[in-house]
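What follows is the residue order along each chain.
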Amino acid sequence: MLPFSNRGQHLSQWSSLNKKRTMDTIYSRRETRRSPYAQLLLSAMNSSGCKVFKDRHFSCEDCDGTVSGGFDAASSQIVLCQNNIHQQAHMNRVVTHELIHAFDHCRAHVDWFSNLRHLACSEIRAANLSGDCAFKNEAARFNFGLQKHHQECVRGRALRSILAVRSIGREEAEKIVDEVFDTCFNDHTPFGRIPHDNKDAKFAFRDYENRDRYYANI
């Protein structure tokens, strides 16, 4: 999540021709639309009364630095940094990460700018459920570990995200993350589990789609 109330600080200047490129450049690729992570989150948002329209709620823009994307709470829009996303797998993770923020914004009325615990909780959930800390992604970063490595990855990525968007010290950010970590790490909504890979996400999406049928038979 980025503090897109100050969006201009993170997005580079662009010409009028490129001010807003259509989502056909990234999002409408078949691979992304078929991502089980995205399918489940979009379905869950629709069920929560927050239907997503790709032309309204997604924007491809050029961004400064190494920013890959962000969720603009003020406009309920996901920004994808097209100049910093170069692989399909990376793009899928960014879309999933930001959709988790959008889902939290929809269902929980997150106070992004005044309540740091709300921000920390959503960052923990996004790192935990998006595949950011999947083994293959951590291995690609040469980050290896066995005991509770996933938890430490989630904690570290959430911490870095908070420090990137808020002017607070590391010690304060660590304290906030620690305060909400257990509750937010164990909140797997709407997946019902931690989807470590596409196979897990497919099973989660299947279970989500069949949830009404299950409860109807109780």
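Please read these numbers as outputs of a predicted model, since none were measured by experiment.

Details of the packing of aromatic side chains
And then number 1: Applying the stated rule across the entire model yields 3 aromatic pairs.
And then number 2: Ring plane angle 20 degrees and centroid distance 5.2 Å describe the contact between Phe-181 and Phe-185, whose orientation is recorded as stacked. Highlighted residues: Phe-181 and Phe-185, both in helix α8 (residues 170-185), separated by 4 residues, approximately one helical turn. Comparing Phe-181 with Phe-185 shows no difference in burial state: the two are buried.
And then number 3: It is Arg-155 that lies over the ring of Phe-181; its NZ or CZ is 4.1 Å from the centre.

Looking at unusual backbone geometry
And then number 1: Cis geometry is adopted by the peptide bond preceding Pro-190, which originates at Thr-189 and carries an omega value of 0 degrees.
And then number 2: On the secondary structure map, Pro-190 appears in the loop between α8 and α9 (198-209).
And then number 3: In this model, Ser-76 sits at a positive phi of 55 degrees, which is unusual for a non-glycine residue.
And then number 4: Following the sequence through the fold, Ser-76 ends up in the loop between β2 (69-72) and β3 (77-81).
And then number 5: Positioned with a positive phi, His-109 is a non-glycine residue whose angle comes to about 50 degrees.
And then number 6: Tracing the backbone shows His-109 in the loop between α4 (88-108) and α5 (116-129).

Let's talk about the environment of Val-154
And then number 1: Along the chain, the position of Val-154 falls in helix α7 (residues 149-165).
And then number 2: Taking relative accessible area as the criterion, Val-154 reaches 0% and is therefore assigned buried.
And then number 3: Sequence spacing of Val-154 and Asn-128 is 26 residues, and the spatial spacing of their C-alpha atoms is 5.6 Å.

What about the state of the cysteines?
And then number 1: For the structure shown, the criterion picks out 4 disulfides.
And then number 2: Each sulfur in the disulfide pair Cys-50 and Cys-106 lies 2.1 Å from the other. Handedness here is read from the sign of the S-S torsion; for Cys-50 and Cys-106, about 90 degrees, the answer is right-handed. Placement of the pair is Cys-50 in the loop between α2 (36-47) and α3 (54-57) and Cys-106 in helix α4, with a sequence separation of 56 residues.

Structural notes on the pattern of salt bridges
And then number 1: Per the stated rule, a full pass over the model turns up 10 salt bridges.
And then number 2: As a salt-bridge pair, Arg-117 and Glu-179 come within 2.7 Å of each other at their nearest N and O atoms. One end of the pair, Arg-117, is in helix α5; the other, Glu-179, is in helix α8, and 62 residues separate them in sequence.
And then number 3: The shortest N-O distance in the salt bridge between Glu-152 and Arg-155 comes to 3.8 Å. A residue pair is termed a helical-turn pair when its members lie 3 or 4 positions apart in one helix, as Glu-152 and Arg-155 do in helix α7 at 3 residues.

Conventions adopted
Residues numbered from 1 in each chain as written. Predicted model: local features only at pLDDT ≥ 70, side-chain atom pairs only at ≥ 80, totals over all residues. Heavy atoms only, no water. Phe/Tyr/Trp six-rings, centres within 6.5 Å; stacked < 30°, edge-to-face > 60°. Helix = DSSP H or I, 4+ residues; strand = E, 2+ residues; numbered from the N terminus. Buried < 20%, exposed > 50% of the residue type's maximum accessible area, 1.4 Å probe, protein only. Lys NZ or Arg CZ within 6 Å of the ring centre and 35° of its normal. Disulfide = S-S within 2.5 Å. Salt bridge = Lys/Arg side-chain N within 4 Å of Asp/Glu carboxyl O.

Treat this as a map of the structure, not an account of what it does.
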